[in-house]
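Observations on the model geometry
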Amino acid sequence: RPPGPWSRRPWWQPHPWVKQLILAYFGLCRIEYSSAGPLEFADKIPIQKPPTGVRVVPPGVIRHGACVRSGVTIMPGYVNIGAFVDLDSMVDTWATVGSCAQIGRGVHIASGVGIGGALDPIDAMPVVIEDGAYIGSRSLIVEGVIVECEAVVAAGVAITASTPIIDMRGDQPQTIKGRVPARAIVVSGTHAKAFVAGEAHIMCAYIIGTRS
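Everything quoted here is computed from the prediction, not taken from an experiment.

This part is about the side chain of threonine 73. If you trace the backbone, threonine 73 turns up in strand 6 (residues 73–74). For threonine 73, a relative accessible area of 13% gives the class buried.

Below, the structure written as structure tokens:
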């Protein structure tokens, strides 16, 4: 983690040796059986006991090998191996934080959100959600997308590495990919694209304002 608030892409780079160790760990472990009341499970990786100061609401899960810091609330959601969730963040009901994803301080991952994992290929960039960001219900952030500090992603927005993110705040639209700028307010939309068979409307995201 860089000093001060998380911000800006140059800080973020994957370390393949960490992922190699995680994948090797999978290979060394055997399937073990566990239970929680009437529910039974069979997995190679055990469930982690909630760290001190972390609230986990049944049946929320922190998998062994994830780092979740004090003040975090895990509703009935899921945090996978290698993921990091920093101080005072919320993983809401049925939200998932994928393997090796990085979640900053004071982030709200709303209900039903999917934050993509990145174990394979080992040099792939994980999803990074920087400090103070809000990810709206049923949104999907995958393929190493970076959501910068205090950005707001509205409900139902899907952003991949190739999704056009069209900034409408200036005189002319500007298109970026793989990064939501700090404090940007993002909504879902479509844009027209020409194909041999004709024009089609393709999924995109629009930046419509700046968080006040």
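Inspection of the secondary structure assignment puts threonine 190 in strand 23 (residues 184–195). Sequence-wise, threonine 190 and serine 111 are 79 residues apart; in three dimensions their C-alpha atoms are separated by 24 Å. When residues no more than four places from it in sequence are discounted, the contact partners of threonine 190 are His201, Ile202, Met203, Cys204 and Tyr206.

Strand order in this open sheet of six strands is 4-7-10-13-16-19, and the pairing throughout is parallel. Of all strands in the sheet, those bounded by a partner on one side alone are strand 4 (61–62) and strand 19 (158–159).

Across a regular strand the side chains alternate sides, sitting on one face of the sheet and then on the other. Little of strand 1 (residues 32–36) sits inside the fold, with zero of its five residues counted as buried. Bridge count for strand 1 against strand 2 (residues 39–43) is five bridges, and the pairing is antiparallel. The residue of strand 2 that forms the bridge with serine 35 is glutamate 40. Between strand 1 and strand 2, which pair antiparallel one after the other, the connecting turn spans two residues, and glycine 37 there sits at a positive phi close to 65°.

Let's shift gears to the environment of arginine 69. For arginine 69, the position within the fold is in the loop between strand 5 (67–68) and strand 6. C-alpha of arginine 69 to C-alpha of valine 54: the two residues are 15 residues apart in sequence and 6.8 Å apart in space. In this structure, arginine 69 is in contact with Val54, Phe84, Val85, Asp86, Leu87 and Arg105, ignoring residues within four places of it in sequence. Polar side-chain contacts of arginine 69 include one of 3.1 Å to the side chain of aspartate 86.

In this structure, proline 59 follows proline 58 across a cis peptide bond, with omega equal to -5°. Among the structural elements, proline 59 can be located in the loop between strand 3 (55–56) and strand 4. Non-glycine residue arginine 183 carries a positive phi angle of around 65°. Here arginine 183 shows up in the loop between strand 22 (179–180) and strand 23. By relative accessible area, arginine 183 is classed as partly exposed at 27%.

Let us now look at the nonpolar core. Membership of the largest hydrophobic core comes to 36 residues, with the highest contact counts inside it found for Val79, Ile115, Ile129, Ile141, Val147 and Ile159. Looking at this core, the elements that each hand over two or more residues are strand 23 and strand 24 (198–210). Contact partners of valine 79, with chain neighbours within four places excluded, come to Val61, Ile62, Arg63, Ala66, Val68, Ile74, Val85, Val91 and Val97. Of all hydrophobic cores here, the second largest spans six residues; its members include Ile22, Cys29, Ile45 and Leu119.

This part covers the sheet that holds strand 22. Backbone-to-backbone hydrogen bonds pair the strands of a sheet. The strands run either parallel or antiparallel. If you walk across this open sheet you meet the six strands as 5-8-11-14-17-22, and the pairing is parallel. Lying at the two open borders of the sheet, with one neighbouring strand each, are strand 5 and strand 22. Note that strand 14 (residues 128–129) and strand 17 (residues 146–147) share two bridges and pair parallel. Looking at strand 17, one finds that valine 128 is bridged to isoleucine 146.

A word on a nonpolar patch on the surface. A contiguous nonpolar surface patch, about 320 Å² in accessible area, is contributed by Trp17, Val18 and Leu21. For leucine 21, the position within the fold is in helix 1 (residues 16–28). Accessibility expressed as a relative area gives 52% for leucine 21, which makes it exposed.

Parameters and conventions
Residues numbered from 1 in each chain as written. Predicted model: local features only at pLDDT ≥ 70, side-chain atom pairs only at ≥ 80, totals over all residues. Heavy atoms only, no water. Helix = DSSP H or I, 4+ residues; strand = E, 2+ residues; numbered from the N terminus. Buried < 20%, exposed > 50% of the residue type's maximum accessible area, 1.4 Å probe, protein only. Contact = heavy atoms within 4.5 Å. Pairing = 2+ DSSP bridges. Polar contact = N/O pair within 3.5 Å; in protein donor to acceptor, adjacent residues only side chain to side chain. Core = buried A, V, L, I, M, F, W, Y, C linked by side-chain atoms within 4.5 Å. Patch = residues over 30% accessible without salt bridge, like charges linked within 9 Å, V, L, I, M, F, W, Y side chains within 5 Å. Areas by Shrake-Rupley, 256 points an atom, 1.4 Å probe, with all protein chains shown as cover. Salt bridge = Lys/Arg side-chain N within 4 Å of Asp/Glu carboxyl O.

Note that every value here comes from positions in space, so none of it alone points to a role or purpose.
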